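# A closer look at the structure
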Amino acid sequence: MVRKRQPSKQMCRLLEALSGTHGEWRHGYDLMKVTGLLSGTLYPLLMRMTEEGLVEAEWREPAQPGPPARHAYRLTSAGAALARDRAGSVPGQPFKGALA
């Protein structure tokens, strides 16, 4: 699906956080800590980005028994391309990958 508008500041922060991990799966709570986005902003944004084909999501089982399975997220090739495009498009604010 083709985006018709420029990514929001929040989406740019999320793209930056996800692009800094080079395809590793990230949990929402980790993304909240890294980006500073609140859950009411982060999760709807992740859902929209998944629908647009920029992010893929899957249920991940915990490493140890006990905690429930959680969603994990990573950029698709289209999301990585958008992150690369955005990296050079904000004058004076380099987009360097990971935030932390």
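Scroll up to find the structure this text is about.
The structure reproduced in this document is the subject of the present report.

Basis of the calculations
- Residues numbered from 1 in each chain as written.
- Predicted model: local features only at pLDDT ≥ 70, side-chain atom pairs only at ≥ 80, totals over all residues.
- Heavy atoms only, no water.
- Core = buried A, V, L, I, M, F, W, Y, C linked by side-chain atoms within 4.5 Å.
- Buried < 20%, exposed > 50% of the residue type's maximum accessible area, 1.4 Å probe, protein only.
- Helix = DSSP H or I, 4+ residues; strand = E, 2+ residues; numbered from the N terminus.
- Contact = heavy atoms within 4.5 Å.
- Salt bridge = Lys/Arg side-chain N within 4 Å of Asp/Glu carboxyl O.
- Axes fitted to C-alpha atoms, helices over the stretch in contact; angles between N-to-C directions.
- Parallel < 35°, antiparallel > 145°, perpendicular 65-115°, else oblique.
- Left-handed = near helix turned anticlockwise from the far one by under 90°.
- Nonpolar A, V, L, I, M, F, W, Y, C, P; charged D, E, K, R; others polar.

## Comments concerning the nonpolar core
As a rule of thumb, soluble globular proteins bury nonpolar side chains together. Counting 18 residues, the largest nonpolar core has Met11, Leu14, Leu15, Leu31, Leu46, Met49 and Val55 as its most contacted members. Mapped onto this core, the elements with two or more residues apiece are α1 (9-19), α2 (28-35), α3 (39-51), β3 (70-75) and α4 (77-87). With five residues, the top contributor of residues to this core is α1. Filtering out sequence-adjacent residues up to four positions away, Met49 remains in contact with Met11, Leu14, Leu15, Leu54 and Val55.

## Some points on the pattern of salt bridges
Counted by the stated rule, this structure contains three salt bridges. In this structure, the salt-bridge partner of Arg74 is Glu56, at a minimum N-O distance of 2.8 Å. In this pair, Arg74 sits in strand β3 while Glu56 sits in strand β2 (residues 55-60), placing the two residues 18 residues apart along the sequence.

## With respect to the packing of α2 against α3
Two elements in contact, α2 and α3, have axes whose closest approach is 10 Å; the angle formed by their N-to-C orientations is 120 degrees. Taken together, α2 and α3 sit at an angle that is classed as oblique. You can see that α2 and α3 cross each other, and the crossing is right-handed. Contact residues: α2 offers Gly28, Tyr29, Leu31 and Met32, while α3 offers Ser39, Leu42, Tyr43 and Leu46. Among the residues forming the contact of α2 with α3, the class breakdown is six nonpolar, two polar and no charged.

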